[in-house]
Amino acid sequence: MKTLAERTSGSLYWWLFATLLLPIAIPGLVFKLLGKMKEKRYARSLNGKVVLITGASGGLGEALAHSFFLAGCKVILAARRKEELERVRKDLLAVHTTVPTHPPVILPLDLSDLNSIAGKVQEILEIHGAIDILINNGGISVRGDALSTAIDVDIRIMLVNYFGTVAMTKACLPSMIARKEGRIVCISSVQGKFAIPYRSAYSASKHAQQAFCDSLRAEVAKDNIKVTLVSPGYINTSMSINALTGSGQAYGKMDAATAGGASPEATATSILKAIARDEKDIILAPIAPRVAYWLRHLMPPVYFWVMKKRAEKLNTE
């Protein structure tokens, strides 16, 4: 039989839980439940939507293609390498044989050829009549210090990552605005939130993407166009292998941070959920990049010291 002290202690714990924790927990649970319901409604609404994905020949773009294809979307696979797009298309049709879907369309596309982009988008509009979701995923990275990186490399990174994204977005927007419906998704990086040593060109291009999306989101809200910026951390893809060095040559190797990154499939699932919840700006990264992000904004001197130490360490390796 419990003593009076034990009964009193138990009652006190329940009182503390009811008065202090429940007011915090219940809104959180309700918010989570509403989010799940919103995700399910959005997933149902995706069937038949036209989704254009750049950089769809591998990595995250390929994983996103699988996610949207599985949801019943009309997927357009865009990238430079036509043979890889053919491979992804065959994989989609082979893997998801039991799902009622629409055959993917291949769109060979070079984001650095800005003058060709409007015509490429027009090809899709002639096939499907609309583009419901544009996912700006295509891009390239760089490994090199600011001083020795050739200016041609800086220009190429900005041309593909920033101007290519802007050109794709501007080509798709008129038809979206005419229909008063559409979504622009830009796959940025946590390095667009804060810069790290030996990534000056890449970080700059992603910073520019951030600013473009923030301005665009406000401008097209009146036309019912949604804008989602996604900032992932490292993803286990071939991005570092395909990255450029400061001289413009291929980096050609998998670095440890990329190899230890999140899987493309898990990242694609998180992106789909973020879109379903109508997220405006979301970071998909572990704790360390999140801490760096807040340090940059709340404690800049600490952030500057950490990055200086990081640069010194990398310089001696």
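For the structure itself, consult the block above.
What you are looking at is a predicted structure, and each value in this text was computed from that prediction instead of being measured.

Thresholds applied
Residues numbered from 1 in each chain as written. Predicted model: local features only at pLDDT ≥ 70, side-chain atom pairs only at ≥ 80, totals over all residues. Heavy atoms only, no water. Core = buried A, V, L, I, M, F, W, Y, C linked by side-chain atoms within 4.5 Å. Buried < 20%, exposed > 50% of the residue type's maximum accessible area, 1.4 Å probe, protein only. Helix = DSSP H or I, 4+ residues; strand = E, 2+ residues; numbered from the N terminus. Contact = heavy atoms within 4.5 Å. Salt bridge = Lys/Arg side-chain N within 4 Å of Asp/Glu carboxyl O. Polar contact = N/O pair within 3.5 Å; in protein donor to acceptor, adjacent residues only side chain to side chain. Axes fitted to C-alpha atoms, helices over the stretch in contact; angles between N-to-C directions. Parallel < 35°, antiparallel > 145°, perpendicular 65-115°, else oblique. Left-handed = near helix turned anticlockwise from the far one by under 90°. Pairing = 2+ DSSP bridges. Patch = residues over 30% accessible without salt bridge, like charges linked within 9 Å, V, L, I, M, F, W, Y side chains within 5 Å. Areas by Shrake-Rupley, 256 points an atom, 1.4 Å probe, with all protein chains shown as cover.

A. Quick peek at the nonpolar core. In this structure, Leu-52, Ile-117, Val-121, Ile-131, Met-168 and Ile-184 are the most contacted members of the largest nonpolar core, which totals 40 residues. Contributing elements (two or more residues each) for this core: strand S1 (50–54), strand S2 (74–79), strand S3 (105–108), helix H4 (114–128), helix H5 (151–179), strand S6 (182–187), helix H6 (200–220) and strand S7 (225–232). The greatest single-element share of this core, amounting to 11 residues, is contributed by H5. Apart from the residues within four sequence positions on either side, Met-168 is in contact with Leu-52, Thr-54, Leu-109, Leu-111, Ile-117, Val-121, Leu-134 and Asn-136. Membership of the second largest hydrophobic core comes to 29 residues, among which are Leu-60, Phe-69, Ile-106 and Val-230.

B. Examining the pattern of salt bridges more closely. All chains considered together, the criterion is met by 15 salt bridges. The residue Arg-183 makes a salt bridge to Asp-278 at a minimum N-O spacing of 3.1 Å. Here Arg-183 is found in strand S6, whereas its partner Asp-278 is found in the loop between helix H9 (264–276) and strand S9 (281–284), with 95 residues between them in sequence. Of the two residues examined, Arg-183 and Asp-278, each falls in the buried class.

C. Structural detail: the side chain of Lys-193. Structurally, the position occupied by Lys-193 is in the loop between S6 and H6. Separated by 2.8 Å, the side chains of Lys-193 and Gln-210 make a polar contact. Only 2.7 Å separates the side chain of Lys-193 from the side chain of Asp-281, close enough to count as a polar contact.

D. Region of the structure containing unusual backbone geometry. For Asn-224, which is not glycine, the phi dihedral falls at a positive 65 degrees. Structurally, Asn-224 can be placed in the loop between H6 and S7. A relative accessible area of 38% means that Asn-224 is categorised as partly exposed. With a phi angle near 60 degrees, Asp-278 is a residue other than glycine that sits in the positive phi range.

E. Quick look at the packing of H5 against H6. Relative orientation of the contacting elements H5 and H6 amounts to 20 degrees, with a least axis distance of 8 Å. With respect to H6, the axis of H5 lies roughly parallel. As for the relative orientation of H5 and H6, their crossing is right-handed in sense. Residues Asp-154, Ile-157, Met-158, Asn-161, Tyr-162, Thr-165, Val-166, Thr-169 and Leu-173 of H5 form the contact with H6, whose participating residues are Ala-201, Tyr-202, Ala-204, Ser-205, Lys-206, Ala-208, Gln-209, Phe-212, Leu-216 and Val-220.

F. Structural context of the sheet that holds S7. Here we have 7 strands laid out as an open sheet, ordered S3-S2-S1-S4-S6-S7-S9, and parallel in their pairing. Across the chains shown, the open sheet's two edge strands, defined by having one partner strand only, are S3 and S9. On average, each strand axis in the sheet is tilted by 15 degrees relative to the strand beside it, whichever way the strands run. Sheet analysis places S7 next to S9, joined by 4 bridges and oriented parallel. Its bridge partner lying in S9, Pro-232 is registered against Leu-284. Set on the sheet, H9 makes contact with S6, S7 and S9; between it and S9 the angle comes to about 160 degrees.

G. Quick look at a nonpolar patch on the surface. There is a patch of nonpolar side chains on the surface, built from Trp-294, Leu-298, Met-299, Val-302, Trp-305 and Val-306 and spanning about 610 Å² of accessible area. For the nonpolar patch, the secondary structure elements donating two or more residues are helix H10 (287–298) and helix H11 (300–316). When residues of the nonpolar patch are assigned to their parent elements, the largest contribution, 3 residues, is made by H11. Within the element layout of this structure, Val-302 appears in helix H11. Owing to a relative accessible area of 31%, Val-302 belongs among the partly exposed residues under this scheme.

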